[in-house]
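What follows is each chain in one-letter form.
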Amino acid sequence: MQPVVSPIFEAEVLNEHVNAIAGDKPIAVFDLKALNNILGGVFPGQNYAICTRPSVGKTTLALQEADKLARDGHTVIFVSAELPQHKLLAKSLTRLSEGELTLSTVADAASPEHQKHNHFKNALEKYREEIAPNLCITGPLTVTDLGCLAGSCIRERGQVPILFIDYLQLLACGSAAEPFMDERLAIASCVKGLRDISNCYGCPIIALSSITRTAYSTKKPDLSMFGGSSAIEYGFDAALYLTEDDEKTEFPFDFPGDKEKRLKLVALKNRYGILRTTKLEFDGAFATFRDRN
């Protein structure tokens with residue numbers, strides 16, 4: 001016999017819903033206005049995807065935001081399925097040196113004999129005191145393990161962590177139930193798992209994503225360019241595309257030197273906001289993104 005389900009009419013729960021609307025505010029703000037202008041800040045339980053082609057700076061962008069949020073006192077978990085932890089630290093120390101160190105000199109500056117060692121030491125002390133206490137960087141793991149890690153943070157620290165995934169396709173491959181699972185199925189399963197984590201714990205998730213090779217030369221971006229599965233299109237609250245600016249620049253985008261790159265962040269999907277484009281500048285040598293008017 002089927003259980004009897006009684007309808008709950010809005011008159012009975014209206015005040016509850018109004019209170020939920022009043023409390024629907026971000027728990028944090030991003031470092032870059034370009035992200036805040038599109039997303040409105042970091043909201044609990046919302047999933048954001050940022051896609052780009054290789055070497056545009058997606059890891060640097062995510063790490064800069066993760067460091068800022070940790071510095072603000074938020075618990076942050078950064079899943080790095082691509083770079084080892086010390087390479088990420090090198091990026092952070094370069095940025096914290098405020099122009100004194102570059103990615104090409106930071107390793108040498110770690111030596112006490114180096115002429116810029118004091119700048120390295122000062123950046124490291126900033127990182128140790130302001131960022132490290134709230135930032136957990138982990139290597140490749142499964143979505144199940146990530147859920148357990150998020151739960152442990154809540155129990156031990158009494159705070160919902162903000163999760164960064166670098167990047168989604170690699171996490172999906174490591175989380176696949178079968179060794180030779182089709183990539184699209186693996187990504188779909190991974191996206192569902194991440195949604196389950198955000199729904200269960202209220203964790204905001206910022207996931208980086210690759211794009212399909214056929215989209216490398218795409219002039220007009222759309223959601224089909226996300227690598228691996230249309231599940232990304234439906235499973236995330238916002239989907240952003242980081243790419244070179246179409247405006248005239250003094251240098252080509254693939255210029256191998258140290259000049260800043262003019263980029264733009266395009267909102268392809270924004271469930272709780274409007275679609276817009278914002279502008280950024282990427283200084284690769286100094287591992288730093290800046291807002292651009």
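On a predicted model such as this, the values are computed, not experimentally measured, just so you know.

Peer 1: Quick question: what am I supposed to make of the overall build of the protein chain here?
Peer 2: Across its full length, the protein chain holds ten helices and nine strands. Against the globule reference of 19 Å for 293 residues, the protein chain gives a C-alpha radius of gyration of 20 Å, in line with a compact fold. Judged by the C-alpha coordinates and their principal axes, the protein chain covers about 80 × 45 × 45 Å. Out of the 293 residues belonging to the protein chain, those deemed buried represent 48%. Residue pairs at least 24 apart in sequence account for 67% of intrachain contacts in the protein chain once pairs closer than 6 positions are excluded. When the accessible area of the protein chain is evaluated, it comes to approximately 15,400 Å², of which 53% is carbon and sulfur surface.

Peer 1: Honestly, the state of the cysteines in this entry has me stumped. Any pointers?
Peer 2: Cysteine pairs can be linked by a disulfide, which is a covalent bond between their two sulfur atoms. Counting across every chain of the model gives zero disulfides. Between Cys-173, a free cysteine, and Cys-190, which holds the nearest cysteine sulfur, the sulfur-to-sulfur gap is 9.1 Å. Just so you know, Cys-200 is unpaired, no disulfide at all, and the nearest cysteine sulfur is the one on Cys-203, 8.4 Å from it. A relative accessible area of 57% means that Cys-200 is categorised as exposed.

Peer 1: What is the right way to look at the sheet that holds strand E9 (residues 288–291) in this model?
Peer 2: Working definition: the strands of a sheet are paired by backbone hydrogen bonds and lie parallel or antiparallel to each other. Within the open sheet, the nine strands sit side by side as E3-E2-E4-E5-E1-E6-E7-E8-E9. Their pairing is mixed. Since the sheet does not close on itself, it has two edges, and those belong to strand E3 (135–138) and E9, each with one partner. Strand-to-strand, the axes of this sheet are offset by a mean angle of 20°, without reference to chain direction. In this structure, strand E1 (residues 47–51) lies alongside strand E5 (residues 205–209), joined through five bridges in parallel fashion. Paired with Cys-51 across the two strands is Ser-209, which belongs to E5.

Peer 1: Even after reading the chapter, I still don't get the packing of aromatic side chains, so can you show me in this structure?
Peer 2: Any two aromatic rings considered together are summarised by their centre-to-centre distance and by the angle between their planes. Counted by the stated rule, this structure contains three aromatic pairs. Taking the centre distance of 6.4 Å and the plane angle of 70° together, the rings of Phe-30 and Tyr-48 count as edge-to-face. You can see Phe-30 sitting in the loop between helix H1 (10–22) and helix H2 (33–39) and its partner Tyr-48 sitting in strand E1, a full 18 residues away along the chain. For Phe-30, a relative accessible area of 4% gives the class buried. Overall, Tyr-48 belongs to the buried group, its relative accessible area being 2%. Seen in terms of ring centroids, Phe-78 and Phe-164 are 6.0 Å apart; in terms of plane orientation they differ by 20°. Their pairing is stacked. With Phe-78 in strand E2 (residues 76–80) and Phe-164 in strand E4 (residues 162–166), this pair connects stretches of sequence that are 86 residues apart. Across the pair, Phe-164 and Phe-78 agree in class, each one buried. Cation over ring: Lys-58 sits above Tyr-167, and NZ or CZ is 5.2 Å from the ring centre.

Peer 1: What should I look at first to understand the packing of helix H4 (residues 85–96) against helix H6 (residues 117–131) in this one?
Peer 2: Between two packed helices, the angle of one axis relative to the other and the distance separating the axes together describe the packing. For the pair H4 and H6, interaxial distance at closest approach is 9 Å and the crossing angle is 110°. The angle between the axes of H4 and H6 places the two elements in the roughly perpendicular class. Between H4, through Leu-89, Ser-92, Leu-93 and Leu-96, and H6, the contact on the second element is made entirely by Phe-120, Ala-123, Leu-124, Lys-126, Tyr-127 and Ile-131. Per-class residue counts for the contact of H4 with H6 are eight nonpolar, one polar and one charged.

Peer 1: Can you help me understand the pattern of salt bridges in this one?
Peer 2: One pass over the full model with this rule turns up twelve salt bridges. In this structure, Glu-98 and Lys-126 form a salt bridge, with 3.3 Å as the shortest nitrogen-oxygen distance. Of this pair, Glu-98 sits in the loop between H4 and helix H5 (106–109) while Lys-126 sits in helix H6, and the two are 28 residues apart along the sequence. Overall, the relative accessible area of 63% leaves Glu-98 in the exposed class.

Peer 1: So what exactly am I meant to see when it comes to H1 here?
Peer 2: The α-helix winds at 3.6 residues per turn, so residues separated by three or four positions along the chain end up facing the same way. Helix length check: H1, at 13 residues, gives a terminal C-alpha distance of 17 Å against a target of 18 Å (1.5 Å per residue), a fit within 8%. With one of 13 residues buried, H1 is to be regarded as a mostly surface element.

Peer 1: In this structure, what is going on with helix H3 (residues 58–71)? I would like to understand it.
Peer 2: Taking 1.5 Å of rise per residue, 14 residues should cover 20 Å, and H3 covers 20 Å from first to last C-alpha, within 8% of that figure. With 13 of its 14 residues buried, H3 lies for the most part within the structure. Count one or two residues on from H3 and you reach Gly-73, which has phi positive near 100°.

Peer 1: Explain unusual backbone geometry to me, please; I cannot follow it from the model alone.
Peer 2: Excluding glycine, a negative phi dihedral is what most residues carry, and trans is how most peptide bonds are arranged. Asp-166 connects to Tyr-167 through a cis peptide bond whose omega is -5°. For Tyr-167, the location among the structural elements is in the loop between E4 and helix H8 (168–175). Within the chain, Ser-55 stands out as a residue other than glycine whose phi angle is a positive 70°. Looking at where Ser-55 falls in the secondary structure, it is placed in the loop between E1 and H3. Judged by relative accessible area, which is 67%, Ser-55 ranks as exposed. The backbone of Glu-98 sits at a positive phi, close to 55°, despite the residue not being glycine.

Scoring rules and cut-offs
Residues numbered from 1 in each chain as written. Predicted model: local features only at pLDDT ≥ 70, side-chain atom pairs only at ≥ 80, totals over all residues. Heavy atoms only, no water. Helix = DSSP H or I, 4+ residues; strand = E, 2+ residues; numbered from the N terminus. Rg over C-alpha atoms; globule rule 2.2 N^0.38 Å. Buried < 20%, exposed > 50% of the residue type's maximum accessible area, 1.4 Å probe, protein only. Contact = heavy atoms within 4.5 Å. Areas by Shrake-Rupley, 256 points an atom, 1.4 Å probe, with all protein chains shown as cover. Disulfide = S-S within 2.5 Å. Pairing = 2+ DSSP bridges. Axes fitted to C-alpha atoms, helices over the stretch in contact; angles between N-to-C directions. Phe/Tyr/Trp six-rings, centres within 6.5 Å; stacked < 30°, edge-to-face > 60°. Lys NZ or Arg CZ within 6 Å of the ring centre and 35° of its normal. Parallel < 35°, antiparallel > 145°, perpendicular 65-115°, else oblique. Nonpolar A, V, L, I, M, F, W, Y, C, P; charged D, E, K, R; others polar. Salt bridge = Lys/Arg side-chain N within 4 Å of Asp/Glu carboxyl O. Expected span 1.5 Å × (residues − 1).

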